[in-house]
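Chain by chain, the residues:
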Amino acid sequence: MTNDARTTSARTAARAAARRLSALSRGAAAPLALAAGAPLVGGLLLIAQAALMARALDGAISGGTTRADLAPVLLAIAGLIVARAGLGFVGDCAAAAAAETVKRRLRNDLFRRLLAGDAVAAADRRSGALASALVDQVEALDGFVARFLPAAVQAALLPLAFAAAAFAYDVTVGLLFLLTAPLIPAFMALVGWGAQAAGDAQAAALARLSGRFADRLRGLTTLRLFGRLEAEAAALEAATDELRVRTLRVLRIAFLSSAVLEFFAALGVAGVALYVGLSYLGLVDLRAAPLTLGAGLACLLLAPEVYQPLRLLAAHHHDRAAAIAAVQEIERQFGALATSDFTLAAPALVRCDDGPWAIEASALTLRTSDGVTILDRADLRASAGARIAVVGPSGAGKSTLLDALARLRPAEGTIRLGARALAGIPEARLRAGLGYVGQRSRLFHGTIADNIRLGDASASDDAVRRAADRAAALPFVERLPDGFETLVGEGGLGLSGGEAQRIALARLYLRDPAAILLDEPTAHLDAATERLVLDRLLTFARGRTMLVATHSATVADAMDGVLRFEAGRLAPCGPRQPRASLVKDAAA
Amino acid sequence: MIALLSFRRLFAAHAGRFVAALALSLATLAAGVALLGLSGWFLTAAFLASAAASFNLFGPSAAVRGLSMLRIASRYGEKLAGHDATLKVLAEIRGWTFRALGRGGLDLGRSLRRGDAVARLTADVDALDSVFIVAAGPLATGALIGLGLTALLGVLLPAAAPVYGLAMASALIGAPLLLVAATRRLGADAVRLSAELRMATLDALEGRADLVAFGATEAARRRSAAIAERLARVRRGLAARAGLASAAVAVCAGAGALGLLVASLEAHAAGALSGPLVVGLVLAALGGFEATAVVVRAIGKFGAAAAAAERLKTINDAVCPVAEALRPPPLPRGGGFAFDRVTYGYDTGRPVLRALSFSVAAGERVAIVGPSGAGKSTLAALLLRLADPQAGRVSVAGRDLREAASSDLLRRVALLEQHAPIFGGSARENLAIGDPFADDAALWAALRKARLDDVIAALHGGLDAPLGEAGGTLSAGQARRLCLARTLLSPAEILVLDEPTSGLDRATERAFLEDLGPATEGRTVLLITHAALPEGVADRTLRLVDGVAIEATP
């Protein structure tokens, strides 16, 4: 791709992001209207304030007004100052309300998309970036909604209002305002165009450099282990400093646009002062009637205000750029998340009492996310109440099979649970009837009790304790300083793999499933604990169907039947298979 | 705030640039104030002049033009000088952060692997970097302008000076201090809620299967929505306080101008102050509003920078987890190592490794297997002295690591990390990290041993072809092989390979493991793996269960 093409496509993407940004902002139309409207009214009050100020000065200097006459004028000015401050406050609050509404809605929407995404958890690195998008990137929209949008409205309307007010005093001054104010954006754009291309290239260089900084930070341990820290630190400094030199070359052009703004603003003030002054002296004579001191002063007081909204807009321009970049990053992170028509579920914990569910699959084909076939049109049957072990080498696809049976990942073929097609079981009914504990269960941020209550949010302390006991978790939980109230998960105490696994098992004991799918429930346990966990599981499994993926011979031997999973096939093995029939790979 | 001060040396090194930027921004403000004041004076004087002939037009009009030009030029210069100084400091803060982080321990390496820690660090560096341009500069110039105008009043209109000075002090100092005090608790709440939201997101992402399986997705959504709602409320509270402070600043500045107006009109009525001076002073005071208008925003940025400085300082202050021995003797020759009753846990009292003992002779190839979380990677970290054991000793070539120089150790032992990164850049840049002085022949030899030479040779540009962000153009298997080549380039006699085949499909994994023997010929190898090992890859296999190693197979 050529540089030009790259810039063009980047601009197209930025325009699309800007449109999405506007669409997001429309969700908070009412507070936004107030956020933009309050400063507008404040601007109009400023016209009155300038007029009163000018009258007070005029009265005192040229007319000899008495102190008594001045008092109400001064009071009115004070009133206007307070009213404008009040309007500013209202505007600020409304702007914050608008921004917070936009951000909150977007966050909730993103969170929903995240839950509705593909069940296979993203790699660690990606989840960090996704969380950062939901928290930090969404926060970057704040400046755009709260500051840039109101500033844009003010910049479009207030200069015209000030010019109109100036017309009431003097046509020439009005024309001067009317001509210079709209010219500013035009000139800024003109200067800006020159700087834009160079600026884009520079921004890209800066982003690359920031990327390099982040890249090297991520691999910090590697650099340290190879003794390359100091060399990389020096290289980073040198690259940043080299960028500084190049950036300044570009900024010399880019800052011309702020010089243009300053030029017109100074021209406005100086122009009004000189024109009015010369009119007073009679050296310029464009008027029918002589100009009063009050009118001249009012014009001068308005002059700097005409350009103020534009300066404000220029100051908040980077808020827009930052928001566009943030929207693009959010799309990049979340766009990759596949959205299905998944519904969020809160199942009733009491299932329909229809006895244990048989687990059946026919012509089941499973593929990993990168397209490798791990099961090819296989059949499987575990009759109601049977306890079956699924064995096979690591990586053969045992976990994938369990995920598919639990409707956590898509599969080809037919799966039936309790004689109903899996695809047709309502989410709430499925989750109430099917117990599932994965191989690497997540410990959520919260206490151990909270984590166990994932099984049943309404479980009593006593029930939680009993569940922990059945999962052989009680001994180590009681040894922890805060017991069941110990904070675990992200930002909490780290539990070992075996401990986390037993907490996850305890969740299961708070439920009453018709079928149970377990993935390596005893992987991290010593022999004695494994035996204990297994016995409790077998007790719990009475009157339920249970499928256990395992490496452990102890676990496999305790089941009614064993399915061996190897090289894309599932085959029954072992001497005892009274109630499980497993039928070969259909291709065989 | 105090943390911010500890960075002053980085800024002080470029004091000249900052002073220049400050002076220029002061000149911009002062020129604006003077322009408005002079214009008011000129206009009124012209009105009062009876005839054009008796009025000196040249002086004021030249001054008006001069001030205009000064303002344009100084505004331009101010921006340029400010950005120059800022970028200069940015380079140093980055270098500083990098070196400070480099001293960190094992936990840091883990948290950096998550993208968000890196993102927060970069954001902190940027916030600290811009503290001058967006916060310190405007506050300082504002205070100076307020002081200057008060002093001017002290000469021309002493009656108004205290009122005006008080009003400006309230606007520039009082209101900001009140704002800081009024937002401290809410600010901490906002940080805490953001962290909670981040954790809820990570929980939903990585625990999605559990949430779905237990039908808890709706509950998770409600919880996250409640956090977002609370966060929004807190931020609105912060914005309302900032808005109130802005209003207070506006009222204070307005009161100052109004007080000045009243005092000057009194003085005028008493004949102590001429009409043009009255107007000039009042307009100059109004021009000073430009300085007060930015105060609240600057304070907000100041707070953000102070918080960033606080976090960066914590990194620097973190105690280095391993202490370097004073003048350690050189490491004896030899490629053997041993763990002797080593106990280590991230939380003391809950050890991951419990009195673990085993030894590996020079040239031996030993595999370590065991369930995840059993402490296999911890073992590798201890061998490279990313942390010291809480009990027992780790020794290389018979020398306790605590009595060895870290540079010696890193030359003797090389680690292929479980999550070893591919750096942005070319294959050459990535390999140079293993050995910066290796020639092309050595690089190709390492690539050949890792069986990646054909892939790199096929790239347009070969060794120098850009590999894309985080090695995006390579497949997972190729990326892993590049990391292996990098490790093989190191002259270390002992190689520790932590899950070298993670992320590879089974066929690639097999090929990779079969190549490993010839590639590491002559060196001691500790292979940490989950994979089923083909015959002959390892001389023996140790199984790590419950923090203790058990000999698994001969």
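By convention here, each chain's residues receive numbers from 1 onward along its written sequence. Each chain is given a letter, starting from A, and each ligand a number, starting from 1, according to the order in which they appear as written. Given that the model is predicted, a residue must reach a pLDDT of at least 70 before its local features are reported, and side-chain atom pairs must reach 80 or more before they are shown or counted; all residues, however, enter totals for whole chains, interfaces and linings. Hydrogens and waters are ignored; side-chain quantities use all the structure's heavy atoms.

With that out of the way, let us pick up the overall build of chain B. A run of H or I in DSSP counts as a helix once it spans at least four residues, and a run of E counts as a strand once it spans at least two, with each numbered from the N terminus. Across its full length, chain B carries 20 helices and 10 strands. Seen through its principal axes, chain B has C-alpha atoms that stretch 115 × 55 × 45 Å. Between buried and exposed lies partly exposed: a residue is buried under 20% and exposed over 50% of the maximum accessible area for its type, with that area taken using a 1.4 Å probe on protein chains only. Split into buried and exposed, the 554 residues of chain B put 54% on the buried side. Throughout, a contact is declared for two residues whenever any of their heavy atoms are within 4.5 Å. Residue pairs at least 24 apart in sequence account for 76% of intrachain contacts in chain B once pairs closer than 6 positions are excluded. Calculation of accessible area relied on Shrake-Rupley with a 1.4 Å probe; when residues are assessed, cover is drawn exclusively from the protein chains displayed. Counting every atom, chain B has about 22,300 Å² of accessible surface; 61% of that belongs to carbon and sulfur. Counting rule for charge: Lys and Arg are taken as positive, Asp and Glu as negative, and neither His nor the chain ends is counted. To locate a charge, take atom NZ for lysine, CZ for arginine, CG for aspartate or CD for glutamate. Measuring between centres, the 57 positive side-chain charges of chain B sit 6 Å from its 48 negative side-chain charges.

Attention now goes to the interface of chain B and chain A. Contact with chain B, which involves 138 residues of that partner, is made by 141 residues of chain A. Once two parts are joined, some of their accessible surface, as seen by a 1.4 Å probe, is lost; buried area is that loss totalled over both. For the pair chain B and chain A, the two sides together bury roughly 12,500 Å², of which 69% comes from carbon and sulfur. Of all residues in chain B, Phe 98, Arg 208 and Phe 214 of chain B give up the largest surface area on contact with chain A, accounting jointly for 7% of the area buried on that side. Think of a salt bridge as a Lys or Arg side-chain nitrogen and an Asp or Glu carboxyl oxygen that are within 4 Å of each other. Between the two partners, chain B and chain A, sit 15 salt bridges. By the criterion applied in these results, polar contacts are pairs of N or O atoms within 3.5 Å in which, for protein atoms, one can donate a hydrogen and the other can accept it, and in which residues neighboring in sequence qualify only through two side-chain atoms. Summed over the shared surface of chain B and chain A, the result is 19 residue pairs in polar contact (both at pLDDT 80 or more).

It is worth spelling out the confidence of the model for chain B at this point. Per residue, pLDDT captures the predictor's confidence, and it can take any value from 0 to 100. Here chain B averages 86 in pLDDT, while 93% of its residues score no lower than 70. By mean pLDDT, the top-scoring element of chain B is helix H10 (residues 217-269) of chain B (93), and the lowest-scoring one is helix H5 (residues 106-113) of chain B (63).

Attention now goes to helix H14 (residues 376-383) of chain B. Think of an α-helix as 3.6 residues a turn; residues three or four steps apart then line up on the same face. All names here are of chain B. Of all the eight residues making up H14, seven are buried; the element is thus mostly covered by neighbouring parts of the structure. If you check which residues of H14 are buried, you get Lys 376, Thr 378, Leu 379, Ala 380, Ala 381, Leu 382 and Leu 383. Where H14 ends, the next residue or the one after it, Arg 385, has phi of about 55°, a positive value.

The next point concerns the packing of aromatic side chains. By convention here, two paired aromatic rings are described through the distance between centres and the angle between planes. Ring geometry is summarised as follows: Phe, Tyr and Trp rings, the Trp one being its six-membered ring, pair when their centres sit within 6.5 Å, and such pairs are stacked at plane angles under 30 degrees, edge-to-face over 60 and tilted between the two. Applying the stated rule across the entire model yields eight aromatic pairs over all chains. With a centroid separation of 4.9 Å and an interplanar angle of 65°, the aromatic rings of Phe 7 of chain B and Trp 96 of chain B are classed as edge-to-face. With Phe 7 of chain B in the loop between helix H1 (2-5) and helix H2 (8-12) and Trp 96 of chain B in helix H4 (residues 58-102), this residue pair connects regions lying 89 residues apart in the sequence. Among the aromatic side chains, those forming a connected cluster through ring pairs are Phe 337, Phe 339 and Phe 358 of chain B. The rule for a charge over a ring is simple: NZ of Lys or CZ of Arg within 6 Å of the ring centre, and within 35 degrees of the ring normal. In this structure, Arg 544 of chain A packs its charged tip against the face of Phe 540 of chain A, placed 4.2 Å from the ring centre. Directly above the aromatic system of Phe 213 of chain A lies the positively charged group of Arg 94 of chain B, at a separation of 5.2 Å from the ring centroid.

Residues and elements named next belong to chain A. As paired strands, strand S1 (residues 359-367) and strand S4 (residues 412-417) are joined by five bridges and run antiparallel to one another. Bridging across to S4, Ala 361 finds its partner in Ile 415. Direction of pairing for S4 relative to strand S5 (residues 420-421): antiparallel, over a ladder of two bridges. In the strand pairing of S5, Arg 416 is matched with Ala 421. At least two DSSP bridges between two strands are required for those strands to pair. In sequence, S4 turns back onto S5 through a hairpin of two residues, with Gly 418 there showing a positive phi of about 55°.

This part takes up the pattern of salt bridges. Within this structure, the stated rule accounts for 61 salt bridges over all chains. Where Arg 222 of chain B meets Glu 218 of chain B, a salt bridge forms, and the shortest distance between an N and an O atom there is 3.5 Å. Note that Arg 222 of chain B and Glu 218 of chain B are positioned in helix H10 at a spacing of four residues, about one turn of the helix. A salt bridge links Glu 493 of chain B to Arg 412 of chain B, with the nearest nitrogen and oxygen atoms 3.7 Å apart. Here Arg 412 of chain B lies in helix H15 (residues 406-412) and Glu 493 of chain B lies in the loop between helix H19 (476-489) and strand S7 (494-498), a separation of 81 residues in the sequence. What emerges from the salt-bridge pattern is a single network uniting Glu 100, Lys 103, Arg 107, Glu 139 and Asp 142 of chain A together with Arg 235 of chain B.

Before going further, it helps to examine unusual backbone geometry. Residues and elements named next belong to chain B. Even without a glycine there, the phi angle at Ala 397 is positive, about 50°. Here the phi dihedral of Glu 499 falls at roughly 45°; this positive angle occurs in a residue that is not glycine. Examined against the element boundaries, Glu 499 turns out to sit in the loop between S7 and helix H20 (506-519). A relative accessible area of 6% means that Glu 499 is categorised as buried.

Next up on the list: the confidence of the model for chain A. Residue and element names in this part refer to chain A. With 86% of its residues at a pLDDT of 70 or more, chain A has an overall mean of 83. The least confident element of chain A, judged by mean pLDDT, is strand S13 (residues 580-581) at 38; the most confident is helix H15 (residues 461-470) at 95. Low confidence marks residues 119-125, where pLDDT is under 50. Its contacts with residues over four positions away, or in another chain, come to nine contacts. Note that pLDDT drops below 50 for residues 575-588; the model gives that stretch 37 contacts with residues more than four away or on any other chain.

Positionally, Gly 303 of chain B belongs in helix H13 (residues 295-317). Sequence separation between Gly 303 of chain B and Ala 135 of chain B is 168 residues, and the spatial gap between their C-alpha atoms is 9.1 Å.

What follows covers the nonpolar core. The criterion is simple. A nonpolar core is a set of buried Ala, Val, Leu, Ile, Met, Phe, Trp, Tyr and Cys residues joined through side-chain atoms within 4.5 Å. Ranked by size, the top nonpolar core spans 103 residues in total, and within it Leu 57, Ile 77, Phe 177 and Val 272 of chain A together with Leu 153, Leu 157 and Leu 261 of chain B carry the most contacts. With 14 residues, helix H9 (residues 256-281) of chain A is the largest single contributor of residues to this core. Beyond its immediate sequence surroundings of up to four residues, Ile 77 of chain A is in contact with Gln 49, Leu 52 and Met 53 of chain A together with Leu 258 and Leu 261 of chain B. Core analysis: the second largest hydrophobic core is formed by 87 residues, Ala 94, Val 102 and Ile 330 of chain A together with Leu 238 of chain B among them.

With that out of the way, let us pick up a nonpolar patch on the surface. All names here are of chain A. Taken together, Leu 160, Phe 167, Val 171, Leu 175 and Leu 178 make up a surface patch of nonpolar side chains, about 400 Å² in accessible area. Listed by contribution, the elements that provide at least two residues to the nonpolar patch are helix H5 (142-169) and helix H6 (171-218). Per-element accounting of the nonpolar patch gives the leading share, three residues, to H6. Looking at the element boundaries, Leu 178 is found in helix H6. By definition, no residue in a patch forms a salt bridge, and every one has over 30% relative accessible area; like charges are joined within 9 Å, nonpolar side chains (Val, Leu, Ile, Met, Phe, Trp, Tyr) within 5 Å.

Residue and element names in this part refer to chain B. Here Thr 183 shows up in helix H8 (residues 161-206). Under the relative-accessibility criterion, Thr 183 is labelled buried at 17%. Each residue touching Thr 183, except ones within four places of it in the same chain, is listed here: Leu 238 and Arg 241.

A domain assignment, automatic or from a database, supplies the domain bounds used here. In terms of domain boundaries, chain A breaks down into domain 1 (18-334) and domain 2 (359-587). Put simply, the middle of domain 1 of chain A and the middle of domain 2 of chain A, counted by C-alpha atoms, are 57 Å apart.

All names here are of chain B. Overall, antiparallel pairing links the four strands, which are arranged S2-S1-S4-S5 in an open sheet. In this open sheet, the two strands that pair with only one neighbour each are strand S2 (353-360) and strand S5 (399-400). Where strand S4 (residues 391-396) meets S5, two bridges bridge the pair, whose relative direction is antiparallel. Pairing of Ser 395 across the sheet is with Asp 400, part of S5.

Moving on, we come to the packing of helix H3 (residues 67-115) of chain A against helix H11 (residues 317-335) of chain A. Residue and element names in this part refer to chain A. With their axes 11 Å apart at the nearest point, H3 and H11 run at an angle of 20° to one another. With respect to H11, the axis of H3 lies roughly parallel. For the pair H3 and H11, contact is made by Leu 106, Leu 110, Arg 113 and Leu 114 and by Ile 330, Phe 334 and Gly 335, respectively. Under this grouping Gly is polar, as are all residues other than the nonpolar Ala, Val, Leu, Ile, Met, Phe, Trp, Tyr, Cys and Pro and the charged Asp, Glu, Lys and Arg. Of the residues in the contact of H3 with H11, the class split is five nonpolar, one polar and one charged. Orientation is described by axes fitted as lines to C-alpha atoms, over the contacting stretch for helices, and by angles from 0 to 180 degrees between their N-to-C directions. Here is the rule for angles: anything less than 35 degrees is roughly parallel, anything more than 145 is roughly antiparallel, 65 through 115 is roughly perpendicular, and the remaining ranges are oblique.

This part covers the packing of helix H2 (residues 29-63) of chain A against helix H11 (residues 275-287) of chain B. Running from N to C, H2 of chain A and H11 of chain B cross one another at 160°; their axes reach a closest spacing of 10 Å. The angle between H2 of chain A and H11 of chain B falls in the class roughly antiparallel. Two packed elements cross with a definite hand, and for H2 of chain A against H11 of chain B that hand is right-handed. In this structure, H2 of chain A uses Met 53, Leu 57 and Ile 61 of chain A to contact H11 of chain B, whose residues at the interface are Gly 275, Val 278, Val 279, Val 282 and Leu 286 of chain B. Grouping the amino acids of the contact of H2 of chain A with H11 of chain B by side-chain chemistry returns seven nonpolar, one polar and no charged. Each crossing is labelled by how the near helix is turned from the far one, with a counterclockwise turn of less than a right angle marking it left-handed and a clockwise turn marking it right-handed.

Attention now goes to the side chain of Thr 522 of chain A. Residue and element names in this part refer to chain A. Summarising the element assignment, Thr 522 is placed in the loop between strand S9 (515-519) and helix H18 (527-540). Under the relative-accessibility criterion, Thr 522 is labelled buried at 5%. Within the structure, Thr 522 has its side chain in polar contact with the side chain of Glu 530 (distance 2.9 Å). Every residue in contact with Thr 522, bar those within four places of it in the chain, is listed here: Glu 530, Val 533, Ser 552 and Val 555.

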